[in-house]
Amino acid sequence: MMLNAEVGVVLAEDAATLALLHDAELTPSVLGELRRIGFPGNLGLSPVGETSLGSFEMMRMAVSSLPAQGDAALFDELAADFAGIYLTGAHGASPTESYWLSDDHLVCQEAMFDLRTLYAEHGLAVPDWRMRPDDHLVFQLQFLARRLEAAADGDDWSSLARFLDYHLLRWLPDFAGRVAERCDTMFYAGLVMLTNAWLQQVRDLVAADLGEARPSREEELQVLGRA
């Protein structure tokens with residue numbers, strides 16, 4: 001796939017859709033819409049490779065297996081899982097970058113301030129960091145969607161690659177693995193695995209298009225001044 005402005009818009013729509021599903025608990029109306037559009041088959045980025053195909057199929061099965069109308073018990077279970085992942089920390093998997101990058105799993109650390117600065121450079125700010133910090137998964141996906149939509153040249157795609165390398169992809173694989181292991185519903189297990197696989201594939205596309213390999217862990221640490 002050759003990266004250009006049109007592809008950026010398509011990928012931006014994907015990122016916005018994923019952000020929406022991580023943002024609030026699943027409701028009957030949202031489930032109905034997911035079934036109507038055939039999610040995740042509506043995503044612009046088709047899965048490639050065993051990992052992407054597996055997560056895509058898991059998500060497809062999760063959506064198709066939920067009853068069209070759903071019952072109160074089903075949505076109570078989904079709501080409880082959502083709370084355990086995104087609100088209470090019951091699954092031991094915070095959706096914030098600071099938690100995964102700090103030795104003591106603290107929130108509102110350096111990563112939050114780094115992202116606040118990055119957002120401000122693009123004229124953006126989170127509504128209330130006390131309710132949801134700047135380094136939350138939803139805000140990072142929403143920021144990615146905006147930058148994808150505005151991607152016009154190689155410099156823009158390089159900037160996107162750096163954002164993925166030094167933010168989302170540094171912690172999301174650990175978050176996704178923990179959630180998939182501990183959550184109670186196939187829907188949220190599929191969602192986190194699909195999100196991680198989709199982001200990894202986007203990063204690989206940028207690397208291939210720019211002709212630059214993704215940085216090694218050692219190279220990342222050097223850039224961060226921690227080698």
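All figures in this text were calculated on a predicted structure; none of them were measured in a lab.

(A) Region of the structure containing the environment of L118. By the secondary structure assignment, L118 is in helix α6 (residues 110–121). Measuring from C-alpha to C-alpha, the distance between L118 and P215 comes to 21 Å, with 97 residues separating the pair along the chain. Sequence-distant contacts of L118, that is, excluding residues within four places in its chain, are made with F143 and F163.

(B) Quick peek at the layout of surface pockets. Of the pockets and cavities examined, the second largest pocket occupies roughly 270 Å³. Along the walls of the second largest pocket sit 18 residues, with Y86, T96, M131, P133 and H136 positioned nearest its centre. Considered class by class, the residues forming the lining of the second largest pocket number eleven nonpolar, five polar and two charged.

(C) The packing of aromatic side chains, seen in detail. Scanning all chains against the criterion turns up nine aromatic pairs. A ring pair is formed by F187 and Y188, whose centres lie 5.0 Å apart and whose planes are at 85°; its orientation type is edge-to-face. Considered together, F187 and Y188 belong to a single accessibility category, that of buried residues. The aromatic ring of F139 is capped on one face by R132, whose charged end is 5.9 Å from the ring centroid.

The rules behind each value
Numbering of residues starts from 1 in each chain and follows the order in which that chain's sequence is written. Per-residue local features are limited, in this predicted model, to residues with pLDDT of at least 70; the limit for side-chain atom pairs, both in listing and counting, is 80 or more; totals at the level of whole chains, interfaces and linings are taken over all residues. To obtain the side-chain values, all non-hydrogen atoms of the structure were used and water was disregarded. Only DSSP runs of H or I with at least four residues qualify as helices, and only runs of E with at least two residues qualify as strands; both kinds are numbered from the N terminus onward. It only takes one pair of heavy atoms within 4.5 Å for two residues to be counted as in contact. Of the two site types, the cavity is a set of points on a 1 Å grid over the protein atoms alone where a 1.4 Å probe fits but cannot get out, and the pocket is an open set with protein on both sides within 12 Å along at least five of seven lines, each lined by residues with an atom within 4 Å of a point. Grid points are joined across faces, edges and corners, and a volume is the space filled by probe spheres set on the points. Only Asp, Glu, Lys and Arg are considered charged, only Ala, Val, Leu, Ile, Met, Phe, Trp, Tyr, Cys and Pro nonpolar, and every remaining residue, Gly among them, polar. Between 30 and 60 degrees the pair is tilted, below 30 it is stacked and above 60 it is edge-to-face, where a pair is any two Phe, Tyr or Trp rings, Trp via its six-membered ring, whose centres lie within 6.5 Å. Burial here depends on accessible area, computed with a 1.4 Å probe over protein chains only, as a share of the maximum for the residue type. Under 20% is buried, over 50% is exposed, and the range in between is partly exposed. Here, a charge over a ring means that NZ of Lys or CZ of Arg falls within 6 Å of the ring centre while also lying within 35 degrees of the ring normal.

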